[in-house]
Amino acid sequence: MNNISENAFCSGCGVCSAVCPKNCISTEENARGELRAKVNPDICVSCGKCKSVCPSFNGVVPDNRNETVYLGVAPDFEKNGSSGGVATYFINALLESKTVDFAVLVQPQNDSDELFSYTICKTKDDLKKCQGSAYYPVTLEKVLRDMNSIDGTFAVIGVPCFINALKNLKALSDVWDKKIKFLIGIVCGHTPNKHLVDCLAYKSGHNRADITSCRFRIKDTGRPAWDYGVRLSFSDGEQFSSFGSDDFGFLFWRRLFIGDCCLNCSDVFAENADITFMDAWLPEYKEKPEGASLIVCRNEELKSLLSPLVEDGSLKETKSEDIHTAQEKLVAYKQNAGKHGKDKKLAEEIQKVFSLNKGKKDIVERLRRVVYKQNLKRKNPLLWLLVETKDRLKR
Ligand SMILES: Cc1cc2nc3c(=O)[nH]c(=O)nc-3n(C[C@H](O)[C@H](O)[C@H](O)COP(=O)(O)OP(=O)(O)OC[C@H]3O[C@@H](n4cnc5c(N)ncnc54)[C@H](O)[C@@H]3O)c2cc1C
Ligand code: SF4
Ligand code: SF4
Ligand code: SF4
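Residues numbered from 1 in each chain as written. Chains lettered and ligands numbered in written order. Predicted model: local features only at pLDDT ≥ 70, side-chain atom pairs only at ≥ 80, totals over all residues.

(A) Representation of the site of ligand 2 in the model. What surrounds ligand 2 is a group of 15 residues, the closest being Asn 3, Cys 20, Cys 44, Cys 47 and Cys 50. For the shell around ligand 2, a count of residues per class yields 9 nonpolar, 4 polar and 2 charged. (Near = placed C-beta within 6 Å. Nonpolar A, V, L, I, M, F, W, Y, C, P; charged D, E, K, R; others polar.)

Below is the structure:
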């Protein structure tokens with residue numbers, strides 16, 4: 001079949017839908033809480049255009065560009081930024097200098113089925129509403145349609161696989177190449193499926209339909225930067241927060257809700273982006289509550305937009321080893337892309353238990369037990385058999 005319907009590594013980016021001449025691709029949530037491209041086979045004419053932009057079928061070899069690495073914060077954007085707020089400072093500078101007409105960012109929404117989505121921004125206030133990280137599936141499908149109907153130039157932010165899809169789109173079409181002037185990357189460990197948020201809602205005695213808003217990367221002045229949180233608000237006025245050192249960290253950092261696309265992803269630094277932002281997980285920053293950014297700039301024209309921060313001392317040029325030190329664990333993980341059989345198995349087990357325990361308040365404890373048993377099975381199979389038999393007898 002000459003289309004993307006059986007793409008096991010689909011990340012739901014939605015870029016294929018922008019090139020389909022028959023408009024027969026939509027991005028939909030599947031049973032695992034992931035967004036996936038779906039083709040209507042009755043309309044598809046097997047032209048293969050979707051495959052030509054899909055990053056799963058076409059790895060893009062990055063141009064060999066000079067990199068400058070920066071480290072620091074953007075004072076005006078730091079408080080609500082995931083890291084040091086420099087991504088938002090930079091996008092604001094792109095707009096204020098009229099380097100682009102619009103910026104395409106991910107914004108929190110008050111829709112319980114779509115808690116975050118891509119949106120077109122024009123002002124500093126628009127940008128500030130988008131600060132933080134959406135550890136949640138999003139797609140470019142709808143925003144690409146909106147961009148298509150607007151005259152002007154755009155900068156688009158995205159995780160590495162989205163950047164690669166957009167780079168393919170630019171290579172395929174002169175119109176899109178002119179429209180999308182800059183690609184802004186963010187380093188990405190993985191994007192969990194929507195069941196992570198569902199679990200936190202159940203844990204607090206709510207369901208997905210009760211969620212009115214979700215914010216990741218809440219900073220707490222009493223906690224180090226790495227111990228960031230998530231906050232859910234519900235229609236009954238209640239709020240629920242969880243931090244990295246507790247349930248949220250257990251669900252997110254153990255990659256319990258990881259999908260096949262992320263298990264096979266090897267792009268750490270969004271190599272095809274003009275500039276990439278990430279956390280400065282360096283000893284001198286990660287224990288402080290404020291957080292800081294590391295930036296890899298691969299475009300000479302864009303460097304000048306960061307100069308005011310360099311001049312006032314908020315940002316400094318640093319050595320490229322810093323990005324490797326900061327992302328050491330992620331680099332090691334992505335070097336083994338496609339070989340994470342244990343994580344894949346665990347994610348499958350978690351999915352089964354999640355499906356059986358939807359709505360249960362003690363769901364996180366149940367998932368902790370799955371993880372405990374998986375570890376035990378590896379380390380002490382006999383003891384695992386005993387625990388497993390006891391559990392089965394209880395059921
Ligand atoms: C799914 C995911 C996984 C990540 N994993 C890592 C990691 O392992 N290591 C690391 O160092 N950094 C990671 N990051 C990046 C990090 O969380 C920050 O986004 C980055 O450092 C920029 O912070 P800032 O304070 O400069 O930006 P802010 O001022 O907070 O602005 C953040 C910008 O990112 C955009 N954004 C948020 N979520 C998404 C999304 N899902 N897709 C596209 N754009 C989005 C917002 O629209 C906003 O423009 C991840 C981000 C995401 C979304
Ligand atoms: S093969 Fe062509 S018509 Fe079919 S889904 Fe892909 S782009 Fe659309
Ligand atoms: S282009 Fe994006 S949405 Fe379409 S199949 Fe590929 S990864 Fe999935
Ligand atoms: S880990 Fe890779 S495949 Fe997964 S969302 Fe991030 S960039 Fe995309």
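(B) Region of interest: the sheet that holds strand S3 (residues 68–72). An order of S5-S4-S6-S7-S11-S12-S3-S13 is seen for the 8 strands of this open sheet, with the pairing classed as mixed. Sheet topology places strand S5 (114–121) and strand S13 (315–318) at the edges, where each strand pairs with a single neighbour. Across the sheet, the mean angle separating the axes of adjacent strands is 30° when strand polarity is ignored. Here 5 bridges tie strand S6 (residues 154–158) to strand S7 (residues 180–186), and the two strands are oriented parallel to one another. Its bridge partner being in S7, Val 156 is matched across the sheet by Leu 183. (Pairing = 2+ DSSP bridges. Helix = DSSP H or I, 4+ residues; strand = E, 2+ residues; numbered from the N terminus. Axes fitted to C-alpha atoms, helices over the stretch in contact; angles between N-to-C directions.)

(C) Spatial organisation of the site of ligand 3. Surveying the vicinity of ligand 3 reveals 16 residues, the closest of which are Ile 4, Cys 10, Cys 13, Cys 16 and Cys 54. A breakdown of the residues in the shell around ligand 3 according to their chemical character gives 10 nonpolar, 6 polar and no charged.

(D) Just unusual backbone geometry, in detail. Of note in this structure, Asn 23 is not a glycine but carries a positive phi near 50°. Within the fold, Asn 23 resides in the loop between helix H1 (15–19) and strand S1 (25–29). Since 11 C-beta atoms lie within 10 Å of it, Asn 23 is described here as exposed. One non-glycine residue, Ala 270, lies in positive phi territory at about 45°. (Buried ≥ 20, exposed ≤ 12 C-beta atoms within 10 Å, placed from the backbone.)

(E) Main features of the environment of Val 61. Relative to the assigned elements, Val 61 resides in the loop between helix H2 (49–53) and S3. Given 7 C-beta atoms within 10 Å, Val 61 falls into the exposed group. It is 8.5 Å that separates the C-alpha atoms of Val 61 and Glu 271, two residues lying 210 residues apart in sequence.

(F) Structural context of the sheet that holds strand S8 (residues 211–218). If you trace the 3 strands from one edge of the open sheet to the other, you get S8-S9-S10, paired in antiparallel fashion. Here the strands that pair on one side only, and so sit at the sheet edges, are S8 and strand S10 (239–243). Within this sheet the neighbouring strands show an average axis-to-axis angle of 15°, counted without direction. In this fold helix H8 (residues 195–203) packs onto S8, strand S9 (229–234) and S10, with an angle of close to 65° to the strand it touches most, S9. (Contact = placed C-beta atoms within 7 Å.)

(G) Main features of the nonpolar core. Val 15, Cys 16, Ala 103 and Val 104 are the most contacted members of the largest nonpolar core, which totals 115 residues. For Cys 16, the residues in contact, after removing those within four places along its chain, are Ile 4, Ile 25, Ala 37, Cys 50, Val 53 and Cys 54. (Core = buried A, V, L, I, M, F, W, Y, C linked by C-beta atoms within 7 Å.)

(H) Region of the structure containing H8. Burial of H8 is extensive: 9 of the 9 residues sit out of reach of the surface. What H8 keeps buried is the set His 195, Leu 196, Val 197, Asp 198, Cys 199, Leu 200, Ala 201, Tyr 202 and Lys 203. Immediately downstream of H8, the backbone of Gly 205 shows phi near 80°, a positive value.

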